[in-house]
Amino acid sequence: MDGHGEIRATATGRLAGKTAIVTGAGGGFGEGIARLFAAEGARVAILDIRQDAAERVAADLGDEVIAIAADVGSRADVERAIGEVSKRFGTPDIVINNAGWTHRNQPMLDVDEETFDRVYRINVKSIYLIAQAVVPMMQSKGGTIINIGSVAGIRPRPGLTWYNGSKGAVNILSQSMAVELAPTGIRVNCICPVLGETGLLDSFMGVPDTPENRARFLATIPMGRLSRPSDIAHAALYLASDEAAFLTGVLLPVDGGRSV
Ligand SMILES: NC(=O)c1ccc[n+]([C@@H]2O[C@H](COP(=O)([O-])OP(=O)(O)OC[C@H]3O[C@@H](n4cnc5c(N)ncnc54)[C@H](O)[C@@H]3O)[C@@H](O)[C@H]2O)c1
């Protein structure tokens, strides 16, 4: 469940001089993104609700990477965290809204209201709260926001209805943010991963991760494997870099062909 071994940085540092915030970077895709961005020369703030997890990742990555414990669904936490980042590193150039959560794969009517609210709070409201905190400061110099949506918001699977809806919201609000913020020089793009080897895998599958159960999911992915943190990190690196200067409003499936 790691996939970080395949992260390879370039010698030149494609993000040198930039400050990046990566939410949910205490594990999974976010950890992969934080590791690659640090290797490419960015100053990185790792935000995660699990302080120990954020500190574990930051500990390997040197002085220009900081760990901040914050719940992205809490306005007070988001404002405090963004304040800490800007005090330490200045205005962020790159914000990756990656923190996310799902209800377990189950019939839609079995998901209780508290769980439904939690899915939308972590997956959707967080983007609203972070936008409120960062857009006013970013728009004077431009920047880029990358939301981690999902192929679940394009080609939904049964059993994940409310999660799928939350990711459909992430996908479309990314495009809407992109058109609204384009005149300010802030680019907004969205990465749509397919099922990946992270902490959420068991909940997405809803059945034990046995070779037989995995094979059923793999059969729906033309390239025949799950996504890895390195796949998502390299896509995020491109979208965050100046090479993607004219890209905004893109929904980029990183899915081995699943959404075709
Ligand atoms: N793994 C997949 O199959 C898959 C597929 C498509 C999209 N995604 C999306 O990718 C993103 C990353 O998920 P992952 O698969 O790496 O999961 P993960 O559980 O491995 O990592 C998510 C991280 O977010 C943190 N987090 C959870 N709630 C938080 C909160 N309220 N505030 C701050 N941090 C919080 C967790 O502590 C964890 O470190 C999510 O948005 C998820 O929906 C995952």
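On a predicted model such as this, the values are computed, not experimentally measured, just so you know. (Residues numbered from 1 in each chain as written. Predicted model: local features only at pLDDT ≥ 70, side-chain atom pairs only at ≥ 80, totals over all residues. Heavy atoms only, no water.)

### Some remarks on the site of the ligand
Alright, step 1. Asp48, Asn98, Tyr163, Gly196 and Thr198 are the nearest of the 28 residues found near the ligand.
Alright, step 2. Contacts to the ligand include lysine 167, whose side-chain N or O atom sits 2.9 Å from an oxygen atom.
Alright, step 3. Elements with a minimum of two residues in the shell around the ligand: helix H1 (28-39) and helix H5 (161-181).
Alright, step 4. Partitioned by chemical class, the residues of the shell around the ligand number 13 nonpolar, 11 polar and 4 charged. (Near = heavy atom within 4 Å. Polar contact = N/O pair within 3.5 Å; in protein donor to acceptor, adjacent residues only side chain to side chain. Helix = DSSP H or I, 4+ residues; strand = E, 2+ residues; numbered from the N terminus. Nonpolar A, V, L, I, M, F, W, Y, C, P; charged D, E, K, R; others polar.)

### Focus on the nonpolar core
Alright, step 1. One finds Val134 and Ile145 to be the most contacted residues of the largest nonpolar core, which totals 33 residues.
Alright, step 2. Those elements that place two or more of their residues in this core are strand S2 (43-48), strand S3 (65-69), helix H3 (75-89), helix H4 (113-138), H5 and strand S6 (186-193).
Alright, step 3. Excluding residues within four positions of it along the chain, valine 134 makes contact with Ile82, Pro92, Val95 and Ile145. (Core = buried A, V, L, I, M, F, W, Y, C linked by side-chain atoms within 4.5 Å. Buried < 20%, exposed > 50% of the residue type's maximum accessible area, 1.4 Å probe, protein only. Contact = heavy atoms within 4.5 Å.)

### A closer look at the pairing of S3
In regular strands, side chains alternate between the two faces of the sheet.
Alright, step 1. The sheet contact formed by S2 and S3 spans 5 bridges and is parallel. Residue pairing in the sheet places isoleucine 46 in a bridge with alanine 67 of S3.
Alright, step 2. Handedness of the crossover joining S2 and S3 through helix H2 (residues 51-59): right-handed. (Pairing = 2+ DSSP bridges. Right-handed = clockwise from strand over helix to strand, strands pointing away.)

### Some details on the state of the cysteines
Alright, step 1. For the coordinates displayed, the defined rule picks out 0 disulfides.
Alright, step 2. Cysteine 192 provides the cysteine sulfur closest to cysteine 190, a residue in no disulfide bond, and the two sulfurs are 4.1 Å apart.
Alright, step 3. Residue class for cysteine 190 comes out buried when judged on its relative accessible area of 0%.
Alright, step 4. By relative accessible area, which is 0% here, cysteine 192 ends up buried. (Disulfide = S-S within 2.5 Å.)

### Remarks on the pattern of salt bridges
Alright, step 1. Under the criterion given, the structure shown has 13 salt bridges.
Alright, step 2. A salt bridge links arginine 214 to aspartate 209; the shortest N-O distance between them is 2.8 Å.
Alright, step 3. Overall, arginine 214 belongs to the partly exposed group, its relative accessible area being 22%.
Alright, step 4. Put simply, Glu31, Arg35, Arg56 and Asp60 are held in one network by salt bridges that share partners. (Salt bridge = Lys/Arg side-chain N within 4 Å of Asp/Glu carboxyl O.)

### Brief notes about the packing of aromatic side chains
Alright, step 1. Scanning the model with the defined rule gives 3 aromatic pairs in all.
Alright, step 2. Aromatic side chains phenylalanine 116 and tyrosine 120 sit 4.7 Å apart centroid to centroid with 25° between the ring planes, which places their arrangement in the stacked category. Remark: tyrosine 120 and phenylalanine 116 occur in helix H4; sequence separation between them is 4 residues, near one turn of the helix.
Alright, step 3. Note on phenylalanine 116 and tryptophan 162: the rings are 5.7 Å apart at their centroids and 75° apart in plane angle, and the pair reads as edge-to-face. Here the residue phenylalanine 116 occupies a position in helix H4, and tryptophan 162 occupies one in helix H5, the gap between them amounting to 46 residues.
Alright, step 4. For tryptophan 162, a relative accessible area of 25% translates into the label partly exposed.
Alright, step 5. Grouped by ring-pair contacts, the aromatic residues Phe116, Tyr120 and Trp162 constitute a single cluster.
Alright, step 6. Between the NZ or CZ atom of arginine 118 and the centre of the ring of tryptophan 101, over which it lies, the distance is 4.0 Å. (Phe/Tyr/Trp six-rings, centres within 6.5 Å; stacked < 30°, edge-to-face > 60°. Lys NZ or Arg CZ within 6 Å of the ring centre and 35° of its normal.)

### Details of the pairing of strand S1 (residues 19-23)
Alright, step 1. Burial analysis of S1 places 5 of its 5 residues in the buried class, the great majority of the element.
Alright, step 2. Because side chains alternate across S1, one face comprises the buried residues Thr19, Ile21 and Thr23, and the other comprises Ala20 and Val22, equally buried.
Alright, step 3. Here 5 bridges tie S1 to S2, and the two strands are oriented parallel to one another. Across the sheet, threonine 23 pairs through a bridge with leucine 47, a residue of S2.
Alright, step 4. Note on the crossover from S1 through H1 to S2: the handedness is right-handed.
Alright, step 5. Two strands pair when backbone bridges link them, and S1 and strand S4 (residues 94-97) are joined in this way by 3 bridges, in the parallel orientation. Within S4, the position partnered with valine 22 by the bridge is isoleucine 96.

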